[in-house]
Amino acid sequence: MPSSFFDVVAAEFYAYTRFYKNNRAMMIAAFIWPYLMVLILLGLGYLFGSLSQYAVRMGVRNPVFFIVSASTVAMSSTFIVDEVANYTLYNRWNGTLSYILLTPMRLPKQLLAASIPSTLISPAISVTSALPVALYFEGLRGAAIIAALYAVIVLGMIPLAGLSVLIAGLVLTVREETNIANSITPFLLLVSGVFYPVAILPKALQLIAIAVPVKYVVDIARAIASTGTFSHEVFLAIYALTFMAFTYNALVAPLLGAIEEKVKRYAPF
Amino acid sequence: MHRSSKSLARLTAVIYLHSVRTWRYKYSFINSSINTMLWITIFLLGVIMFVPSRELPVVAPQVFWGITVWNIITYTVVYISGWTTWFLVSMGLVEEHILHGLDLPALLAGRLVTVLAESAIAVPLVYFVLRGVAGPMKLVDSVGLLFYGLATAEAMALGYALILATLALRLSIPGPMLDITNFILFVIGGIAAPVARLPAPLRVVAILTPYSHAAEIVRYAATRTMPYLGLLAEVLISGALAIAMPAAAYIFYRFVEKHYLRRYGVRGVGRM
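Residues numbered from 1 in each chain as written. Chains lettered and ligands numbered in written order. Predicted model: local features only at pLDDT ≥ 70, side-chain atom pairs only at ≥ 80, totals over all residues.

A few words now on the overall build of chain B. Secondary structure summary: chain B contains 12 helices and 0 strands in total. Sequence-ordered secondary structure for chain B, helices as α and strands as β, is α-α-α-α-α-α-α-α-α-α-α-α. Since a compact globule built from 272 residues should have a radius of gyration of about 19 Å, the 19 Å found for chain B is in line with a globular shape. Here the C-alpha coordinates of chain B stretch approximately 60 × 40 × 40 Å along the principal axes. With 272 residues in all, chain B has 47% of them scored as buried. Sequence separation of 24 or more characterises 80% of the internal contacts of chain B that already satisfy a separation of 6 or more. (Helix = DSSP H or I, 4+ residues; strand = E, 2+ residues; numbered from the N terminus. Rg over C-alpha atoms; globule rule 2.2 N^0.38 Å. Buried ≥ 20, exposed ≤ 12 C-beta atoms within 10 Å, placed from the backbone. Contact = placed C-beta atoms within 7 Å.)

The next thing to look at is the overall build of chain A. Secondary structure summary: chain A contains 13 helices and 0 strands in total. When its helices and strands are written in sequence order, chain A yields α-α-α-α-α-α-α-α-α-α-α-α-α. Against the globule reference of 18 Å for 269 residues, chain A gives a C-alpha radius of gyration of 19 Å, in line with a compact fold. Expressed as a percentage of its 269 residues, the buried residues of chain A come to 44%. Taking as baseline every contact in chain A between residues at least 6 positions apart, the subset at least 24 positions apart corresponds to 78%.

To continue, consider the confidence of the model for chain B. On average, residues of chain B score 87 in pLDDT, and 94% of them reach the 70 mark or higher. Among the scores for the predicted complex, ipTM is 0.86 and pTM is 0.83. (pLDDT = per-residue confidence, 0-100.)

This paragraph deals with the packing of helix α1 (residues 3–24) of chain B against helix α6 (residues 112–134) of chain B. Residue and element names in this part refer to chain B. In contact at an axis separation of 8 Å, α1 and α6 are set at 50 degrees when each is read in the N-to-C sense. Classified by the angle their axes make, α1 and α6 are oblique. On α6, the residues touching I15, H18, S19 and T22 of α1 are V113, T114 and A117. Partitioning the contact of α1 with α6 into residue classes produces 3 nonpolar, 4 polar and no charged. (Axes fitted to C-alpha atoms, helices over the stretch in contact; angles between N-to-C directions. Parallel < 35°, antiparallel > 145°, perpendicular 65-115°, else oblique. Nonpolar A, V, L, I, M, F, W, Y, C, P; charged D, E, K, R; others polar.)

Turning next to the interface of chain B and chain A. As a measure of interface size, the accessible area lost when the parts come together is often cited. Taken residue by residue, the interface counts 32 residues in chain B and 36 residues in chain A. Counting only elements with at least two residues in the side of chain B that touches chain A, the list comes to α2 (26–48), α3 (56–89), α6 and α9 (182–188) of chain B. For the side of chain B that touches chain A, the element with the most residues is α2(B), which contributes 13 residues. Of the residues contributing to the side of chain B that touches chain A, the split by class is 24 nonpolar, 6 polar and 2 charged.

The next thing to look at is the nonpolar core. In terms of nonpolar packing, the biggest core is built from 159 residues, with A221(A), V69(B), A153(B) and M156(B) touching the most fellow members. When near neighbours in sequence (up to four residues on either side) are disregarded, A153(B) contacts V69(B), I72(B), I73(B), Y211(B), A214(B) and A215(B). (Core = buried A, V, L, I, M, F, W, Y, C linked by C-beta atoms within 7 Å.)

Turning to helix α12 (residues 231–264) of chain B, a few remarks are in order. Residue and element names in this part refer to chain B. Between its first and last C-alpha, α12 extends 47 Å over 34 residues, near the 50 Å set by a 1.5 Å rise per residue. Helix geometry: α12 is bent most strongly at E257, by close to 45 degrees. For α12, the set of buried residues is E234, V235, I237, S238, L241, A242, M245, P246, A249 and Y253. Where α12 is buried, its residues contact α5 (104–109), α7 (143–170) and α11 (210–223). Once α12 ends, the next one or two residues include G265, with phi positive near 80 degrees. (Expected span 1.5 Å × (residues − 1). Bend = angle between axes of the 7 residues up to and from the residue.)

Turning our attention to unusual backbone geometry. Unlike most non-glycine residues, R224(B) shows phi in positive territory, near 60 degrees. Residue classification places R224(B) among the exposed positions, given that 10 C-beta atoms sit within 10 Å.

This part covers the environment of I158(A). Residue and element names in this part refer to chain A. Relative to the assigned elements, I158 resides in the loop between α8 (140–157) and α9 (161–174). In this structure I158 comes out as partly exposed when scored by C-beta crowding, with 18 C-beta atoms within 10 Å. As for I158 and L241, which are separated by 83 residues in sequence, their C-alpha atoms are 8.4 Å apart.

Let us now look at the confidence of the model for chain A. Taken residue by residue, chain A gives an average pLDDT of 83. The fraction at 70 or more is 96%. Confidence, read as mean pLDDT per element, is least for helix α5 (residues 79–94) of chain A in chain A (80) and greatest for helix α11 (residues 203–210) of chain A (91).

Okay, the packing of α3(B) against α11(B) next. Residues and elements named next belong to chain B. With their axes 10 Å apart at the nearest point, α3 and α11 run at an angle of 140 degrees to one another. Considered as vectors, α3 and α11 are oriented oblique to each other. For α3 against α11, the interelement crossing comes out right-handed. Every residue of α11 that contacts α3 at P61, Q62, W65, G66, V69 and I73 is listed here: Y211, A214, A215, V218, R219, A222 and T223. (Left-handed = near helix turned anticlockwise from the far one by under 90°.)

As structure tokens, then:
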């Protein structure tokens with residue numbers, strides 16, 4: 001009996017959780033990483049300027065809590081883009097990509113199924129690491145904000161799903177040793193203004209930002225981290241993300257068949 | 001063959017190997033340069049939000065050079081110690097090199113070709129972004145001292161990277177993950193900011209951090225910010241460390257090779 005989409009999700013979920021179970025150092029590193037980002041930003045900010053200046057320019061009430069939340073978004077909001085490409089590269093290095101390509105399931109479906117567990121678990125680890133700071137500064141309200149942040153990060157990755165499969169296909173066909181498209185992730189974060197207002201960027205980048213889902217995730221994070229409520233602005237951003245989820249994946253869908261054919265011809269070798 | 005011409009031939013072979021490899025994986029290389037530039041820009045723009053606008057022309061060059069020195073140090077460590085684990089060990093090439101009597105530290109040091117080429121692309125791009133945000137700024141006052149500071153920082157990073165790479169050959173932890181001090185020392189170790197700007201207790205940490213001496217010279221060469229220990233002292237300390245650290249790393253590798261690698265082999269961790 002051929003495997004269903006959910007069989008693959010379940011198998012990858014098992015593999016991903018075992019990976020962390022057997023690599024506890026990696027788990028600890030995943031918890032610590034957002035704090036390293038915070039340390040750099042706060043450390044440099046303290047040495048060269050002041051927190052109050054940052055709070056005024058960013059329009060946030062608690063700059064430390066905001067930077068922790070923003071670091072979590074920076075770590076997780078584009079995770080799916082790299083994850084799908086790295087999954088395919090990892091399997092090619094291991095010599096298992098040929099077997100994946102031989103399974104009856106269509107490749108885009110297979111790649112999406114494989115990326116779902118990590119796309120859900122990895123942001124969960126990141127937001128959990130932010131929880132102590134949220135509880136310290138904001139109490140239970142902080143925990144609710146972190147939970148909302150997780151939901152928004154996952155929602156923000158849905159519009160990027162089709163794009164992720166396209167990039168994975170591209171990465172496989174050029175036959176390089178690393179993910180040659182992983183600069184897309186920091187570019188999406190750069191134009192989204194994760195640690196600064198988009199208004200300071202050049203006009204061209206501001207225009208690109210309008211079409212980038214991560215920008216709306218950042219907007220929501222900033223709004224809920226500063227006010228703790230779901231304002232009008234937050235709902236508008238959620239509508240924008242939902243619209244992008246349908247539109248972007250529908251636009252990418254016709255290209256997936258072509259990229260699958262190309263990958264099957266060139267990629268495993 | 002004469003000993004010196006044999007060494008020269010090996011050096012040429014190592015540089016050729018890494019140049020060809022960088023060219024062969026040119027898309028990965030270009031992507032990595034752009035990736036570095038983008039991440040640095042994200043943090044730079046974040047830091048600028050802390051600084052009052054009137055202070056930007058003074059602060060921006062200091063931040064720029066601090067991040068540049070850190071970028072060179074970090075990528076030297078990642079590209080040497082990470083490559084050891086994820087390429088040499090994974091492919092089983094360590095034993096191959098030892099059996100052929102080839103010098104592993106020299107092979108690893110050749111990764112500097114890729115590191116320097118990447119920095120040569122990423123650093124000017126970061127400058128253009130910073131200039132766009134902070135306005136025109138003077139970046140170099142003394143080219144000779146700037147080169148000396150960057151070269152000594154690179155030599156120290158090479159020594160540190162070789163030590164981590166050697167440890168990674170025997171431990172089941174990849175080299176870059178052993179570099180736990182990277183972010184902390186960047187902030188409190190006198191790399192990001194002048195030592196004189198740090199709070200008093202952190203100045204001691206900074207003085208004890210080898211890279212801070214090279215960073216102080218770079219800052220002086222760029223913005224005439226006088227080093228905390230004085231320029232002459234920093235030039236001498238940096239020079240001594242730039243010789244001592246790679247030498248210590250080489251001796252350490254030889255010790256590990258003789259007492260562990262040849263007896264018990266490499267402890268591989270594979271791809272992660």
